[in-house]
Amino acid sequence: MGLSPRPEPAAVSWQPQSQEGWLTTRLDFLVNWGRSNSLWPMPFGTACCAIEFMATAASKFDLARFGMERMSFSPRQADLLICAGRVPFKLAPVIRRIWQQMPQPKWAISMGACASSGGMFDNYAVVQGIDTIIPVDVYVPGCPPRPEGLIYGIMMLQRKIRTERMSDPSIRREMEPDPTSQLYIPPSAIDELSEPFGNSVHQTRSAP
Amino acid sequence: MSGAPGGDAGGAGLLRAGHAVPGAPAPASRRGVPNRGGAANPSAAAAAAKFGAAVRRTEVVCGDTNLHVAPASALDVIRWLHDDPSQQYEYLVDVTAVEQRDGGPLEVVWHLRSIACRRFLRVKAELDTSKPLVVPSVWPVYKGADWLERECYDMFGIRFEGHPDLRRILMWEQYREGFPLRKDFPLRGRFSRAEQLKQALTGNPEAHYSMEELTIADAFDDLPVEMKVRLGHGEQVGE
């Protein structure tokens, strides 16, 4: 199918020079193996990418091979947020709340050009990339991505999960947005991420 | 396309549009309708005779009739078109607006259809963009105009006088940047992306309910008397 080779099963290996013992690293391997093969996705489908996501979940491409056949429409039972489609500003607090309702450990896939960067909707109504609202693990390019593309992104995420270490405190740190602005990355970074792009650079703002 | 049945191109057995049945006449199409001019909808002449100067002009565009009326009398004309037994425009298809470039007038457009008479009429009212944008609401005639006029207000900032609940419908209640479909609105909005995101994230996603919708006490006052009595006795509804 043109996919990359499967990630090696022993991606986490015992390193004698580290401070961790044999038991914790083997436990890491076991836990990561379980987590990566039983991801329950929360499908946040807002546009045409959701159609490709449905095709990915259907029989031909069969997400059940990855332990993901159980779509979790409740965020509290979900491990993986798949944002499939554009997110308007009106939905920004909604996806933020869904992300906050998901329990740790949790991951996010930004599926398609619109979720990753705003895509062709470089206008007043659409969020220019959901990474300005929630942290994203894997970006899947495409407009919309084919199911093979999404599966490749899922396999990249599985590979990432297999290299996680419980002893690393930064992995499970919950994102805490600034209480006044509700932003979790600095405004200058957001403006830099979303400045001139697309075909409307001649459209200037009339106020800062 | 000469319209001859069973044409030569494609050969026998191949069906072409308009020639599904061999030997049948071609159905009437809009092909050949001029861009300007042609037979006007008879309702336009009737409205002009009835309302005089309030009907400013009539034009026929691509076979459809545009009836330009004075903004203040739009409700009267539309109410007459709805109520008059010889017109019977009982279906309001759409309410929208068109703003022209370079300071041209802003047109409010009502699309009306008479199912009984099989007629379509487009009523337009021109507004001066240098003055407050106000037209009468047609909500007293067509209840379906409620959300259409709210959308038109949300996108263009036109105030529909007499609308029962005129507030934003697509953008959120706290939206501060203006009216997105106006020509002077920048495509990316007036604020920076960080400011837009901050305003969106600090907003309450459930704030699109009006206070009327949220106030149970007001809803109780509108109930029928006998239901008020039953609820007042503490009767439970449902099991």
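Please refer to the structure placed before this passage.
Now for a look at the structure at hand.

Cut-off values and rules
Residues numbered from 1 in each chain as written. Chains lettered and ligands numbered in written order. Predicted model: local features only at pLDDT ≥ 70, side-chain atom pairs only at ≥ 80, totals over all residues. Helix = DSSP H or I, 4+ residues; strand = E, 2+ residues; numbered from the N terminus. Buried ≥ 20, exposed ≤ 12 C-beta atoms within 10 Å, placed from the backbone. Contact = placed C-beta atoms within 7 Å. Pairing = 2+ DSSP bridges. Axes fitted to C-alpha atoms, helices over the stretch in contact; angles between N-to-C directions.

What about the overall build of chain A?
- Check the secondary structure of chain A and you find 6 helices and 4 strands.
- Ordering the α and β elements of chain A from the N terminus gives α-β-α-β-α-β-α-β-α-α.
- Burial status across chain A gives 33% buried among its 208 residues.
- Contacts in chain A between residues at least 24 apart in sequence constitute 78% of all its contacts with a sequence separation of at least 6.

Some details on unusual backbone geometry
Residues and elements named next belong to chain A.
- A cis amide bond links Gln-104 with the next residue in sequence, Pro-105, at an omega value of -5°.
- By the element assignment, Pro-105 lies in the loop between helix H3 (92–101) and strand S3 (107–111).
- Residue Pro-144 follows Cys-143 across a cis peptide bond; omega there is -15°.
- For Pro-144, the location among the structural elements is in the loop between strand S4 (138–140) and helix H5 (147–162).
- Backbone geometry places Asp-62, a non-glycine residue, at a positive phi of 60°.
- Relative to the helices and strands, Asp-62 is located in the loop between helix H2 (49–57) and strand S2 (80–84).

Brief notes about the interface of chain A and chain B
- If you look at the interface, chain A gives 26 residues, while chain B gives 20 residues.
- When residues of the side of chain A that touches chain B are assigned to their parent elements, the largest contribution, 4 residues, is made by H3(A).

Topic: the sheet that holds strand S2 (residues 64–69) of chain B
Residues and elements named next belong to chain B.
- Pairing within the open sheet is mixed, and its 5 strands lie in the order S1-S2-S5-S4-S3. Here the strands that pair on one side only, and so sit at the sheet edges, are strand S1 (55–61) and strand S3 (91–99). With direction set aside, neighbouring strand axes in the sheet form an average angle of 20°.
- Note: S3 against strand S4 (residues 106–114), 8 bridges, orientation antiparallel. Paired with Val-98 across the two strands is Glu-107, which belongs to S4.

Side note on the pairing of S1(B)
Residue and element names in this part refer to chain B.
- Across 6 bridges, S1 lies against S2 in antiparallel orientation. Bridging from a neighbouring strand, Val-60 pairs with Thr-65 of S2.
- Hairpin connection from S1 to S2: 2 residues lie between these consecutive antiparallel strands, with Cys-62 at a positive phi of about 55°.

Some remarks on the sheet that holds S2(A)
Residue and element names in this part refer to chain A.
- Sheet architecture is open: 4 strands sit in the order S1-S2-S3-S4, paired in parallel fashion. The open sheet has two free edges, formed respectively by strand S1 (41–45) and S4, since each of these has just one partner strand. For this sheet the average axis-to-axis angle between neighbouring strands, irrespective of direction, equals 15°.
- Taken together, the 5 bridges between S2 and S3 define a ladder with parallel strand orientation. Note on S3: the bridge partner recorded for Ile-82 is Ile-109.
- Strands in contact with H5 are S3 and S4; relative to S4, the strand with the most contacts, it is inclined by about 170°.

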